[in-house]
Amino acid sequence: MTEKLSILGSTGSIGTQSLDVAEKMGYQICALTANENVEELEKQIRKYKPEKAALVNEKAAKELKERVKDTGTKVLCGLSGVCECAAQTDADTVLNSVVGMAGLEPTLYAIKAKKKIALANKETLVAGGSLVTKTAAEYGVDILPVDSEHSAIFQCLQGMNKRDELKSIILTASGGPFFGKTAADLKDVTLEQALNHPNWSMGAKITVDSASMMNKGLELIEAVWLFGVSPDKVDIVVHRESVVHSLIEYVDNSVIAQLGVPDMRIPIQYALTYPNRFESPVKKLSLSDYATLTFYKPDYDTFQCINICRKAIEKGGLYPAIANSANEQANLLFRQGRIGFLQIAELVGAAVENGQSKENYSLDDVLEADKAARAFVLDEYRR
């Protein structure tokens, strides 16, 4: 029986690699969504012939609808269109690679439609961790990680007999383009410098998050929800080569790691085929080619976003959502050239300090916290 897959965020880096994996595995594509990339989504529609497609941008969706009217694909628009693609097809699995908070609602729609979730949108769990995990448990839906670090942890945990054997989770971080730099060095860095990632090819927002190490802070929060551990059990180590994707430590101090070349198609394929493994198009890892693998303690004084995220998840409630949304707004301001690089952490930290939270929250509460955090950052920027 052919596996059926919908991909949210199909024109981005993870989305296009997911289509590559799905094609090689012989999967049927049911739905595809993107933000506003008409040209790329048209190509994908003509190649994979999905039942539905959606663009968030209304003008772009109208253009796409006209361009593919000779196909059998129904074109939708807006967030509601993405949510329909997530829930209303016969897909077995929904792979969510949407960037940012925009991925939360489609994930919830897919869960309520009882689709298996392959999650590359970390903000889903960062912003709505309690809500998402409770909903998934209620509907009996599995959430399988696509992020390389969380996939590595997930794979390492397969051999664990009892949960109380786990001592800690160790997330690896590449350190981004500014590894070894001090705060003084980073005062006047440019967007071009921030986008020069040493190992991974990603979208602009995620690459800037990697440069500020906010990405690792968000992954810390995501790990807490994915694996049901307390924040103090999640450690971070900088590993420049991005070969060791993450590790777990047992109570007897033995450590298990998952290794592979830095290629996202490995974790994508494992999320889609779990619990089975198949041949992969990815290059074989040769440790002798690397010769040396290095590990360093993160510079928490310079890259303060990690500390801010740890504080947010320790405080709980809506604070992780506040941190995430404040970062999305500050990251955008930096990419627009309106603030300096170091101001990202300053604005996110201030938003968490001044945010309002509640312990038991609804989707509406998350969305309100999102708006408030973004407004706070913009107000602080304008001062």
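Shown above is the structure to which this text applies.
Residues numbered from 1 in each chain as written. Predicted model: local features only at pLDDT ≥ 70, side-chain atom pairs only at ≥ 80, totals over all residues. Heavy atoms only, no water.

Colleague: I would appreciate a short explanation of the packing of helix α5 (residues 104–112) against helix α17 (residues 363–382) in the present structure.
Modeller: Two measures define how a pair of helices packs: the angle their axes make with one another and the distance between the axes. One way to put it is that α5 packs onto α17 with a least axis distance of 12 Å and a crossing angle of 170°. Considered as vectors, α5 and α17 are oriented roughly antiparallel to each other. As for the relative orientation of α5 and α17, their crossing is right-handed in sense. Across the interface between the two elements, L104, E105 and L108 of α5 pack against L363, V366 and L367 of α17. Grouping the constituent residues of the contact of α5 with α17 by class yields five nonpolar, no polar and one charged. (Axes fitted to C-alpha atoms, helices over the stretch in contact; angles between N-to-C directions. Helix = DSSP H or I, 4+ residues; strand = E, 2+ residues; numbered from the N terminus. Parallel < 35°, antiparallel > 145°, perpendicular 65-115°, else oblique. Left-handed = near helix turned anticlockwise from the far one by under 90°. Contact = heavy atoms within 4.5 Å. Nonpolar A, V, L, I, M, F, W, Y, C, P; charged D, E, K, R; others polar.)

Colleague: Honestly, the environment of A345 in this entry has me stumped. Any pointers?
Modeller: Here A345 lies in helix α16 (residues 343–354). In this structure the C-alpha to C-alpha distance between A345 and T73, which are 272 residues apart in sequence, comes to 43 Å. Look past the residues within four positions of A345 in its chain and what remains in contact with it is Q304, C305 and I308.

Colleague: Which parts of the structure should I look at to understand the pattern of salt bridges?
Modeller: One side chain can pair with another of opposite charge once the charged atoms of both are near each other. A complete count under the given rule lists 25 salt bridges for this structure. The salt bridge partner of E63 is R67, with a shortest N-O separation of 2.8 Å. Here E63 pairs with R67, and both are found in helix α3 (residues 58–67), just four residues apart, close to one helical turn. E63 sits in the partly exposed class, given a relative accessible area of 39%. (Salt bridge = Lys/Arg side-chain N within 4 Å of Asp/Glu carboxyl O. Buried < 20%, exposed > 50% of the residue type's maximum accessible area, 1.4 Å probe, protein only.)

Colleague: Could you clarify how one ought to interpret the nonpolar core in this entry?
Modeller: Within soluble globular proteins, side chains that are nonpolar tend to cluster in buried spots. Counting residues in hydrophobic clusters, the biggest one holds 116 residues, and the most contacted among them are L95, V146, F227 and I248. When residues no more than four places from it in sequence are discounted, the contact partners of I248 are I153, C156, L157, M160, L166, S168, I169, S254, V255 and I256. (Core = buried A, V, L, I, M, F, W, Y, C linked by side-chain atoms within 4.5 Å.)

Colleague: What is the right way to read the side chain of S18 from this model?
Modeller: Position of S18 relative to the elements: it lies in helix α1 (residues 13–25). Reaching out from S18, the side chain makes a polar contact with the backbone oxygen of I14 at a distance of 2.7 Å. Each residue touching S18, except ones within four places of it in the same chain, is listed here: I7, L95 and I268. (Polar contact = N/O pair within 3.5 Å; in protein donor to acceptor, adjacent residues only side chain to side chain.)

Colleague: Quick question: what am I supposed to make of unusual backbone geometry here?
Modeller: Negative phi values dominate among residues other than glycine, just as trans dominates among peptide bonds. The step from Y274 to P275 runs through a cis peptide bond, and the omega angle for that step is 10°. With respect to the helices and strands, P275 occurs in the loop between α12 (265–273) and α13 (287–290). Positive phi outside glycine occurs at K49, with the angle close to 55°. Residue position: K49 is located in the loop between α2 (38–48) and β3 (52–55). Classification of K49 as exposed rests on a relative accessible area of 61%. Despite not being glycine, N253 has its phi angle at roughly 75°, a positive value. Topologically, N253 is positioned in the loop between β10 (244–250) and β11 (255–259).

On their own, these measurements won't tell you what the molecule is for.
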